[in-house]
Amino acid sequence: MAKKALLIGINYPGTAVELRGCVNDVHRMQKCLIELYGFANKDIVIMIDTDKSCIQPTGKNICEELKRLIASGQSGDFLVFHYSGHGTRIPPGIEDSDDSTGFDECITPCDMNLIKDQQFREMVSRVKEGCQLTIISDSCHSGGLIQEVKEQIGESHMKPVDKVKEQIEESHMKQPKLGIASYFLNIVMNLLATCGVSKSQRDRGGGEESFRGEIELEKDETLDIKTRYLPFESYLSLLKEQTGQTNIEPVRIRQTLLKLFGEDPSPNRQRGLSDLGNCEVDAGDSGASRLNAVTDNGILLSGCQTDQRSEDVYVTRTGKAYGAFSDAIQMILSAPRKDKKKITNKELVSEARVFLKKRGYSQRPGLYCHDRFVDKPFICY
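Residues numbered from 1 in each chain as written. Predicted model: local features only at pLDDT ≥ 70, side-chain atom pairs only at ≥ 80, totals over all residues. Heavy atoms only, no water.

Trainee: What am I meant to see in the overall build of the chain here?
Mentor: Within the chain, the secondary structure is distributed over 11 helices and 14 strands. Here the chain holds 381 residues, and the buried ones make up 52% of them. Contacts in the chain between residues at least 24 apart in sequence constitute 74% of all its contacts with a sequence separation of at least 6. Roughly 17,900 Å² of accessible area belongs to the chain as shown, and the carbon and sulfur atoms make up 52% of that amount. (Helix = DSSP H or I, 4+ residues; strand = E, 2+ residues; numbered from the N terminus. Buried < 20%, exposed > 50% of the residue type's maximum accessible area, 1.4 Å probe, protein only. Contact = heavy atoms within 4.5 Å. Areas by Shrake-Rupley, 256 points an atom, 1.4 Å probe, with all protein chains shown as cover.)

Structure, rendered in structure tokens:
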């Protein structure tokens, strides 16, 4: 039985959307895997953008390493992929999307070469029978990161129109005392929130300001909060800056990404990493058959729902920085438990929801996996 992991932390230093806690999340997860779950340090690959001696977490590099990790896994093995960084989503109407949420949910590598939910689904579909892949994504809109995996805990796969309908029905049941104009304005605001537009963005016009906020705590403690959400307009600006292409059309963003970065990362590797295993794929296994199969060997723990943001936290007094969801995981795992059995995936996500709500965060973590993994221990037995 092998245990292997790929840990990604991207702080985007020097950019307008710089974060503080993502690289720290990676180091805490590395320590957790070694001390609590028996992983060997040599079997953990780390990709961060604050240390140029490390492999940089570009879209191509992340895909290559994740494919390599998955290809190395055999029956009985446990694989972990942890991502802390910005998430974004390509909205519907810009180009065709058959996503069940209406958007393409993506993670944002340091070179802006987005990795979309369809790509994650294709990679997860390659996990071998009997091998288990646990994905922890502490990023915005992470609830929809793997297409077509069953939602066990969460509200991400309810269509926006159904969410608004549900809100209207609830409002009728509660018989609000709002005027008719205010009543329908409230419904519109709920719809905007469902589509990923927060109140802070509406009030302040989005942009860089939408990344900032402060929370005053007891004992003169202050938390400086940044959301790990990258608005589409901000993403386009960074993409132009990174690539030097100034004529990028929002309505053709998917074709543009394909033109700039290519459809599939090259299998050629020249970075000299220690081998994690055979990365060849069965030539007889067609892409269509993989995508049509149920991707039931992957487990996703998301930091929030598809229409929500995950928070990046900086403690002003101590200088500590972390993702709110990553911190919740580490605090829960380190807490003494009455029973000796390992915490299950369901228990961890449920407790993380309670943990974050008590601390004033609005994000609601989610669990996406086959039924048989819901009550299995987190990461490994």
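Trainee: What is the right way to look at the side chain of Gln308 in this model?
Mentor: Of note, Gln308 is situated in the loop between β11 (298-302) and β12 (311-315). Not counting residues up to four positions away in its chain, the partners in contact with Gln308 are Cys140, His141, Ser362, Gln363 and Arg364.

Trainee: Where do I start with the side chain of Ser72 in this structure?
Mentor: Within the secondary structure, Ser72 sits in helix α2 (residues 59-72). A polar atom in the side chain of Ser72 sits 3.5 Å from the side chain of Lys4. At a separation of 2.7 Å, a polar atom in the side chain of Ser72 contacts the main-chain carbonyl oxygen of Leu69. (Polar contact = N/O pair within 3.5 Å; in protein donor to acceptor, adjacent residues only side chain to side chain.)

Trainee: Can you help me understand the pairing of β11 in this one?
Mentor: In the case of a regular strand, side chains alternate between the two sheet surfaces. Burial of β11 is extensive: five of the five residues sit out of reach of the surface. Pairing of strand β7 (residues 132-138) with β11, which is carried by five bridges, proceeds in the parallel orientation. Bridge pairing in β11 places Ile136 opposite Leu301. Both β11 and strand β14 (residues 366-368) contribute to a ladder of three bridges, which runs antiparallel. Residue pairing in the sheet places Ser302 in a bridge with Gly366 of β14. (Pairing = 2+ DSSP bridges.)

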